[in-house]
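Per-entry structural report
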Amino acid sequence: MTLHLEVLVLAPIGRDGKIASSILAASRISSCICSSLDEAMPLLDRAHCLVVAEEALISADRSLFAAWLENQPAWSDFPIVLLTMRGTEFDKRLAFLDRHLIVLERPFLASSFANSVRSALRARARQIEVKSYIEQKQEVTQRQNLLIRELHHRVKNTLANVRAMMGATAMSTDSVEEFVRNFSARIVSLAETHSILTDDYWQTASLNKLLEGELRHYETDDSPRIRLEGPNVALIADIAVPVGMALHELASNSAKFGALSRPEGQLAVCWSVGSSGAGQTLSLAWQERNGPPVQTPKRRGFGTALLEKVVPVQCDAKVELDYQQDGLRFTLVLPLRETRLVPSYS
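Structure report, in brief. Bear in mind the structure is a predicted one, so any value in this text is a computation, not a measurement. (Residues numbered from 1 in each chain as written. Predicted model: local features only at pLDDT ≥ 70, side-chain atom pairs only at ≥ 80, totals over all residues. Heavy atoms only, no water.)

**Quick word on helix H1 (residues 16-26)**
To keep things clear, this is the line we draw: Relative accessibility decides the category of a residue: with a 1.4 Å probe and only protein chains considered, values under 20% of the type maximum give buried, values over 50% give exposed, and everything between is partly exposed. Numbering of helices and strands runs from the N terminus; a helix is a DSSP stretch of H or I covering at least four residues, while a strand is a stretch of E covering at least two. By definition, the arc is the one covered by directions from the helix axis to the C-beta atoms.
Residues Gly17, Ala20, Ser21, Ile23 and Leu24 constitute the buried set of H1. Angular distribution of buried residues about the axis of H1 spans 160°; they occupy a single face of the element. Exposed residues on H1 whose side chains face more than 90 degrees from its buried face are Lys18, Ala25 and Ala26. Note on H1: the residue one or two positions beyond its end, Arg28, has a positive phi of about 60°.

Below you can see the structure in the form of structure tokens.
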């Protein structure tokens, strides 16, 4: 953290420097006495005001100081209290100080000097407030631009998902009624995932909430048959959307043909988070029991394509569908990485 100096005092001849510093101390204004302009230059960026004797500048190389003043940002008008000798004309060699200048003739009253410095410090404080306001405006603008770009990306991916779902659902259904029913259910599932994401300003979605949203309709209060077990895991949006769609397909398939289609059927979904060389990894297992005998499907519809092709590509995941006779088993292993662009599929 950079410490700010209130006042730099550059008056190397005589006792002006010590007198000025003592007057400021009596007014509870901190100061730092410099013996030359070269000594003061590295401290200017940390100071709020410069008190300088005219002769200290005239006898020094002023080029770096003039360049520093010229290159100040638009919000900055660095205040300078220039100590001159009474009855002398302003030295034109110091004309570059003009817009920054408060001139105080010597000898001066302590009160006049203290008031001049206070005025300079108030001006600097207002400038810093302007700087803060500008930075806040810039930060808001940058964030708005980022959110707009992110929104464009999300909308594009969402439309690609909807288009893929529509085409694949049409190819895997035999009637308009079946298409409307299946496609509507998939749209509702996608909307619920998006709702979870927007509640968190499109940052992350809880894996627990995704599972509960898909499975709560199939649970029974009198005899629980669904077990969810695992730590709290936050999935970034690019992973949450395809994972949410995959969970919907698994739940829908189980309710139609698997364990959740029978009162005695049971489902266990267990997951864990481990570490690998590239970071954290999510491992999830979906295991059904006590449902109808399982058979490998003869036709590969949208759900199978989503689980075996889309999720591995979009999530950089490893998946396995095991059609065990006593119950379907699905396993998923994916890296929990930072947000990245997701390829669309068709």
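That was the structure; now back to the text.
**Describing the packing of aromatic side chains**
Defined as follows: Centres within 6.5 Å are what make two rings of Phe, Tyr or Trp a pair, Trp counting through its six-membered ring; a difference in plane orientation under 30 degrees is then read as stacked, over 60 as edge-to-face, and the rest as tilted.
One pass over the full model with this rule turns up 4 aromatic pairs. Residues Phe65 and Trp68 carry aromatic rings whose centres are separated by 6.5 Å and whose planes lie at 15° to one another, so their mutual orientation is stacked. Of this pair, Phe65 and Trp68 both sit in helix H4 (residues 63-70), 3 residues apart, roughly one helical turn. Take Phe65 and Trp68: they sit in the same class, and that class is buried. For Phe65, a relative accessible area of 0% corresponds to the buried category.

**Side note on the environment of Ile58**
This is how it is decided: The contact definition used throughout considers only heavy atoms, calling two residues in contact when any of these lie within 4.5 Å.
Inspection of the secondary structure assignment puts Ile58 in helix H3 (residues 54-58). Residue classification places Ile58 among the partly exposed residues on the basis of a relative accessible area of 24%. Once residues lying within four places of it in the same chain are set aside, the contact partners of Ile58 are Asp91, Arg93 and Leu94.

**With respect to the nonpolar core**
Stated precisely, the cut-off is as follows: Nonpolar cores were defined as sets of buried Ala, Val, Leu, Ile, Met, Phe, Trp, Tyr and Cys residues, with membership established by side-chain atoms within 4.5 Å.
Leu207, Leu215, Leu235 and Trp286 are the most contacted members of the largest nonpolar core, which totals 37 residues. If you list the elements that add at least two residues to this core, you get helix H7 (207-215), strand S8 (234-236), helix H8 (237-257), strand S9 (266-276), strand S10 (279-289), helix H9 (302-315) and strand S12 (327-335). For this core, the leading source of residues is H8, giving 9 residues. Filtering out sequence-adjacent residues up to four positions away, Leu215 remains in contact with Ile226, Leu228, Ala251, Leu260, Leu267, Val269 and Trp286. The next biggest cluster of nonpolar side chains, apart from the first, holds 21 residues, and it includes Leu37, Leu44, Trp68 and Ile80.

**Focus: H4**
Within H4 the residues assigned to the buried category are Phe65, Trp68 and Leu69. Down the axis, H4 shows its buried residues gathered within 95° of arc, on one side only. Exposed residues lying more than 90 degrees from the buried face of H4 are Leu64 and Glu70. Each element contacted by the buried residues of H4 is listed here: helix H2 (37-40), strand S3 (50-53), H3 and strand S4 (80-85).

**A look at a nonpolar patch on the surface**
Formally: Residues forming no salt bridge and having over 30% relative accessible area are the ones grouped into patches, like charges within 9 Å of each other and nonpolar side chains (Val, Leu, Ile, Met, Phe, Trp, Tyr) within 5 Å. Computed by Shrake-Rupley with a 1.4 Å probe, the accessible areas treat only the displayed protein chains as cover when residues are assessed. Salt bridges are counted wherever a side-chain nitrogen of Lys or Arg sits within 4 Å of a carboxyl oxygen of Asp or Glu.
Residues Val130, Tyr133 and Ile134 make up a contiguous nonpolar surface patch of about 260 Å² in total accessible area. Considering the arrangement of structural elements, one finds Val130 in helix H5 (residues 110-171). Look at Val130 and you get partly exposed, because its relative accessible area is 41%.

**Structural notes on the sheet that holds S9**
To be explicit about the condition: Only strands joined by at least two bridges in the DSSP assignment are considered to pair. Axis geometry follows a simple rule: fit a line to the C-alpha atoms, using only the stretch in contact for helices, then measure angles between N-to-C directions, giving values from 0 to 180 degrees.
Reading across from one edge, S7-S9-S10-S12-S11 is the order of the 5 strands in this open sheet, with mixed pairing throughout. Each edge of the sheet is formed by a strand with only one pairing partner; in this case those strands are strand S7 (226-229) and strand S11 (318-324). Averaged over all pairs of adjacent strands, the angle between their axes in this sheet comes to 10°, without regard to strand direction. In the sheet, S9 pairs with S10 via 11 bridges, with the strands oriented antiparallel. Each residue of the ladder has a partner; that of Cys270, found in S10, is Ala285. Where H7 meets the sheet, it contacts S7, S9 and S10, and its direction lies at approximately 165° from that of S9. H9 rests against S11 and S12 of the sheet, and its axis sits at about 160° to S11.

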